[in-house]
Amino acid sequence: MSAPTSPAELYRHSLRLLLDKDIPAWVGLWAEDGVMEFPFAPDGWPRRLEGRDAIAAYMRAYPDHIDLHDFPTLRIHQTTDPQTIVVEMRGVGRVVETDSPFDMTYIAVVTVQDGHITSYRDYWNPLAVLEPGIDFTGGRR
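Residues numbered from 1 in each chain as written. Predicted model: local features only at pLDDT ≥ 70, side-chain atom pairs only at ≥ 80, totals over all residues. Heavy atoms only, no water.

1. Side note on empty space enclosed by the protein
Here comes step 1: Enumeration according to the criterion identifies 2 cavities of 30 Å³ or more in this entry.
Here comes step 2: In terms of lining residues, the largest cavity is bounded by 18 residues, among which Leu18, Met36, Tyr62, Tyr106 and Asp122 are the most central.
Here comes step 3: Within the residue set of the lining of the largest cavity, elements represented by two or more residues are helix H1 (7-19), helix H3 (52-59), strand S3 (66-78) and strand S6 (116-124).
Here comes step 4: Considered as a void within the structure, the second largest cavity measures approximately 40 Å³ in volume.
Here comes step 5: Taken together, Leu18, Lys21, Ile23, Tyr62, Pro63, Ile66 and Leu68 make up the full set of residues lining the second largest cavity.
Here comes step 6: The set of elements that each furnish at least two residues to the lining of the second largest cavity consists of helix H4 (62-65) and S3.
Here comes step 7: A breakdown of the residues in the lining of the second largest cavity according to their chemical character gives 6 nonpolar, no polar and 1 charged. (1 Å grid on protein atoms, 1.4 Å probe; cavity = no way out; pocket = protein on both sides within 12 Å on 5 of 7 lines; lining within 4 Å. Points joined across faces, edges and corners; volume = space filled by probe spheres on them. Helix = DSSP H or I, 4+ residues; strand = E, 2+ residues; numbered from the N terminus. Nonpolar A, V, L, I, M, F, W, Y, C, P; charged D, E, K, R; others polar.)

Given below as structure tokens:
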């Protein structure tokens, strides 16, 4: 596959990598100084990750906790900044530890520069992680 050329293409590619559980390749889409933010994260959960290494550490064990199967709803909106998109999506799968269903809706604001993600603000539902068995950050609650 040729390298994604637009923020929307890069984002779609990132979702395919998550479904394939290829976290190293997913992390490789990030700029070295990329920032991932979770503005709605509850107490005890990270709200800001700075740099590719911090993002890699956060995501390393993700497939051991959440087994993603599909993103059945995906809407990507262009903004007035050609490098920034707003994404509405739903991810479904299962929680590995409990084998219970995983169903999360997200809104993300993503900025891409020079073919790499530089900023990702993830507005996921913080109430979902309060359910028993939902701890996909490796016990950092």
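Having put the structure on the table, let's press on.
2. A short note on H3
Here comes step 1: All of the buried residues in H3 are Ile55, Ala56, Tyr58 and Met59. An end-on view of H3 places all buried positions within 160° of arc, on one side of the element.
Here comes step 2: The elements touched by buried residues of H3 are H1, helix H2 (23-27), strand S1 (30-37), strand S2 (48-50) and H4. (Buried < 20%, exposed > 50% of the residue type's maximum accessible area, 1.4 Å probe, protein only. Arc of directions from axis to C-beta. Contact = heavy atoms within 4.5 Å.)

3. Topic: unusual backbone geometry
Here comes step 1: Notably, Asp99 is not glycine yet its phi reads approximately 60°, a positive angle.
Here comes step 2: When you line up the elements, Asp99 lands in the loop between strand S4 (84-95) and strand S5 (100-113).
Here comes step 3: Residue Asp99 is classed as exposed on the basis of its relative accessible area, which comes to 54%.
Here comes step 4: Positive phi is not limited to glycine here, since Asp114 has a value of about 50°.
Here comes step 5: Here Asp114 is to be found in the loop between S5 and S6.
Here comes step 6: Residue Asp114 is classed as exposed on the basis of its relative accessible area, which comes to 78%.

4. Some details on the pairing of S1
Here comes step 1: With 4 bridges joining them, S1 and S6 adopt parallel strand pairing. Within S6, the position partnered with Trp30 by the bridge is Ile117.
Here comes step 2: Inspection of the sheet shows S1 paired to S2 by 3 bridges, in the antiparallel sense. Pairing of Met36 across the sheet is with Leu49, part of S2. (Pairing = 2+ DSSP bridges.)

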